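Here is what each chain is made of, one letter per residue.
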Amino acid sequence: MTEVMIEEIQELHIAVHQEAISPDEIEEKYECRLTVKNIREIRDRLSRLYMQAMYPQFGLPNFEI
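Residues numbered from 1 in each chain as written. Predicted model: local features only at pLDDT ≥ 70, side-chain atom pairs only at ≥ 80, totals over all residues. Heavy atoms only, no water.

## Describing the overall build of the chain
Phase 1: When you go through the chain residue by residue, the secondary structure sums to three helices and zero strands.
Phase 2: Carbon and sulfur atoms make up 52% of the accessible area of the chain, which amounts to about 5200 Å² in all. (Helix = DSSP H or I, 4+ residues; strand = E, 2+ residues; numbered from the N terminus. Areas by Shrake-Rupley, 256 points an atom, 1.4 Å probe, with all protein chains shown as cover.)

If you want it as structure tokens, here you go:
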């Protein structure tokens with residue numbers, strides 16, 4: 001289960017920061033051990049950053065027509 005969650009974090013990290021990250025680098029960057037609780041918090045934080053990047057300031061989807 002944690003492996004799947006770590007993969008989600010890695011995918012979100014690529015989407016947000018355009019760079020790959022290993023589990024060891026996750027621990028260093030976010031200054032925490034990879035427990036289920038910490039993984040969920042990191043995943044939620046990256047998800048929010050990703051959603052903010054996908055929507056412009058006006059709140060409309062950032063899709064090209």
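## What about the packing of helix 1 (residues 2-17) against helix 3 (residues 36-54)?
Phase 1: One can describe the packing of helix 1 onto helix 3 by two numbers: an axis separation of 9 Å at closest approach and a directional angle of 25°. The angle between helix 1 and helix 3 places the two elements in the roughly parallel class. Both helix 1 and helix 3 take part in a crossing whose hand is left-handed. Every residue of helix 3 that contacts helix 1 at Thr2, Met5, Ile6, Glu8, Ile9, Leu12, His13, Ala15, Val16 and His17 is listed here: Val36, Ile39, Arg40, Ile42, Arg43, Leu46, Ser47, Leu49 and Tyr50.
Phase 2: For the contact of helix 1 with helix 3, the class distribution of residues is twelve nonpolar, four polar and three charged. (Axes fitted to C-alpha atoms, helices over the stretch in contact; angles between N-to-C directions. Parallel < 35°, antiparallel > 145°, perpendicular 65-115°, else oblique. Left-handed = near helix turned anticlockwise from the far one by under 90°. Contact = heavy atoms within 4.5 Å. Nonpolar A, V, L, I, M, F, W, Y, C, P; charged D, E, K, R; others polar.)

## Details of a nonpolar patch on the surface
Phase 1: Residues Met51, Met54 and Tyr55 make up a contiguous nonpolar surface patch of about 250 Å² in total accessible area.
Phase 2: Within the secondary structure, Met54 is located in helix 3.
Phase 3: Note on Met54: relative accessible area 31%, which makes it partly exposed. (Patch = residues over 30% accessible without salt bridge, like charges linked within 9 Å, V, L, I, M, F, W, Y side chains within 5 Å. Salt bridge = Lys/Arg side-chain N within 4 Å of Asp/Glu carboxyl O. Buried < 20%, exposed > 50% of the residue type's maximum accessible area, 1.4 Å probe, protein only.)

## Quick look at the packing of helix 1 against helix 2 (residues 23-30)
Phase 1: Packing of helix 1 against helix 2 leaves a shortest axis separation of 11 Å and a crossing angle of 65°. By the angle class used here, helix 1 and helix 2 are roughly perpendicular. As for the relative orientation of helix 1 and helix 2, their crossing is left-handed in sense. For the pair helix 1 and helix 2, contact is made by Ile6, Ile9, Gln10, His13 and His17 and by Pro23, Ile26, Lys29 and Tyr30, respectively.
Phase 2: Class assignment for the residues of the contact of helix 1 with helix 2 results in five nonpolar, three polar and one charged.

## Some words on the nonpolar core
Phase 1: Membership of the largest hydrophobic core is limited to eleven residues, which are Met5, Ile6, Ile9, Leu12, Ile21, Ile26, Tyr30, Cys32, Ile39, Ile42 and Leu46.
Phase 2: Those elements that place two or more of their residues in this core are helix 1, helix 2 and helix 3.
Phase 3: Of all the elements, helix 1 adds the most residues to this core, at four residues.
Phase 4: In this view, Tyr30 contacts His13, His17, Ile42, Arg45 and Leu46; residues no more than four positions away in its chain are not counted. (Core = buried A, V, L, I, M, F, W, Y, C linked by side-chain atoms within 4.5 Å.)

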